[in-house]
Amino acid sequence: MSSGNYVMDMWQKLSPLPGGKFLLSQVISRKAPYFKTVSATIEELRPNYARVSMKKRRAVQNHIGTVHVIAICNLLEMAMGVCAEASVPKHLRWIPKGMSVDYTAKAGSDITGVAEINPEDWKPGDLEVKVTASDSSGTPVVVGVIKLWISEKR
């Protein structure tokens with residue numbers, strides 16, 4: 001059954017299939033090519049919530065061998081993007097306006113990023129999306145907010 005939302009429809013079709021989450025993640029990364037730099041996989045998606053993961057690998061490490069915070073920010077932006085696309089009401093559109101993050105711990109393992117939106121906040125104006133990146137033990141390594149500008153479609 002179609003929800004009328006492309007991202008949610010693709011998630012519902014592909015996520016149950018072997019390799020489906022990876023495939024959808026690749027499709028999203030083709031739409032926004034910079035996301036390819038972190039090789040993230042969408043692990044869970046529902047309206048107003050997304051969880052994505054990335055492996056700790058050489059390409060995303062800094063000079064001290066931990067996951068670079070900019071790679072983590074890219075992961076969080078991907079989480080926010082799929083969350084927003086899966087959630088935005090049909091009469092609205094969104095665009096990122098800013099990001100504010102705090103580094104709370106060293107990121108020495110694989111990273112999971114979560115984006116959450118309060119459903120009541122979908123109205124024209126600023127919308128703050130809560131984002132959190134955690135290491136494999138569940139310790140938050142980056143926490144913050146991505147601010148979106150919400151406007152009516154014309």
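Quick caveat, the model's predicted, so the values are computed rather than measured.

### Topic: the overall build of the protein chain
On a plain count of helices and strands, the protein chain comes out with 3 helices and 6 strands. Moving toward the C terminus, one meets the helices and strands of the protein chain in the order α-α-β-β-α-β-β-β-β. By residue count, 46% of the 154 residues in the protein chain fall in the buried class. Look at the contacts in the protein chain between residues 6 or more apart in sequence, and 61% of them connect residues 24 or more apart. Per element, the accessible surface of the protein chain, about 8,400 Å² overall, is 56% carbon and sulfur. Across the protein chain, the mean location of the 20 positive side-chain charges is 7 Å away from that of the 14 negative side-chain charges.

### A short note on the sheet that holds strand β4 (residues 111–116)
Spatial ordering of the open sheet is given by β1-β2-β4-β5-β6-β3, a layout of 6 strands whose pairing is antiparallel. Of all strands in the sheet, those with a lone pairing partner are β1 (41–46) and β3 (92–103), marking the two edges. Direction aside, neighbouring strands of the sheet carry axes that sit 20° apart on average. Both β3 and strand β6 (residues 140–152) contribute to a ladder of 11 bridges, which runs antiparallel. The residue bridging Met99 from the neighbouring strand is Ile146, located in β6. Here helix α3 (residues 69–87) sits on the sheet in contact with β1, β2 (49–54), β3, β4, β5 (125–134) and β6, set at roughly 40° to β4.

### Points about the pattern of salt bridges
Tallying each qualifying case throughout the model produces 4 salt bridges. Salt-bridge contacts for Glu44 lead to Arg46; the nearest nitrogen and oxygen are separated by 2.4 Å. Arg51 is paired through a salt bridge with Glu44; the nearest N and O atoms lie 3.2 Å apart. Among the charged side chains, a salt-bridge network with shared partners connects Glu44, Arg46 and Arg51.

### Comments concerning the layout of surface pockets
In this structure, the largest pocket spans a volume of roughly 520 Å³. Val7, Lys31, Gly81, Glu85 and Trp94 are the residues nearest the centre of the largest pocket, which is lined by 22 residues in total. Counted by class, the lining of the largest pocket contains 13 nonpolar, 3 polar and 6 charged residues.

### Notes on the nonpolar core
Ranked by internal contacts, the top residues of the largest apolar core, which has 47 residues, are Ile42, Leu45, Ile72, Ile111 and Leu148. In terms of residue count, the dominant contributor to this core is α3 (13 residues). With near-sequence residues (within four places) excluded, Leu45 lies in contact with Val7, Met8, Trp11, Ala50, Val82, Cys83 and Ala86.

### Brief notes about the side chain of Asn62
Examined against the element boundaries, Asn62 turns out to sit in the loop between β2 and α3. A distance of 3.0 Å separates a polar side-chain atom of Asn62 from the backbone nitrogen of Ile64.

Conventions and cut-offs
Residues numbered from 1 in each chain as written. Predicted model: local features only at pLDDT ≥ 70, side-chain atom pairs only at ≥ 80, totals over all residues. Heavy atoms only, no water. Helix = DSSP H or I, 4+ residues; strand = E, 2+ residues; numbered from the N terminus. Buried < 20%, exposed > 50% of the residue type's maximum accessible area, 1.4 Å probe, protein only. Contact = heavy atoms within 4.5 Å. Areas by Shrake-Rupley, 256 points an atom, 1.4 Å probe, with all protein chains shown as cover. Lys, Arg positive; Asp, Glu negative; His and termini not counted. Charge placed at Lys NZ, Arg CZ, Asp CG, Glu CD. Pairing = 2+ DSSP bridges. Axes fitted to C-alpha atoms, helices over the stretch in contact; angles between N-to-C directions. Salt bridge = Lys/Arg side-chain N within 4 Å of Asp/Glu carboxyl O. 1 Å grid on protein atoms, 1.4 Å probe; cavity = no way out; pocket = protein on both sides within 12 Å on 5 of 7 lines; lining within 4 Å. Points joined across faces, edges and corners; volume = space filled by probe spheres on them. Nonpolar A, V, L, I, M, F, W, Y, C, P; charged D, E, K, R; others polar. Core = buried A, V, L, I, M, F, W, Y, C linked by side-chain atoms within 4.5 Å. Polar contact = N/O pair within 3.5 Å; in protein donor to acceptor, adjacent residues only side chain to side chain.

By themselves, these figures tell us nothing about what the structure is for.
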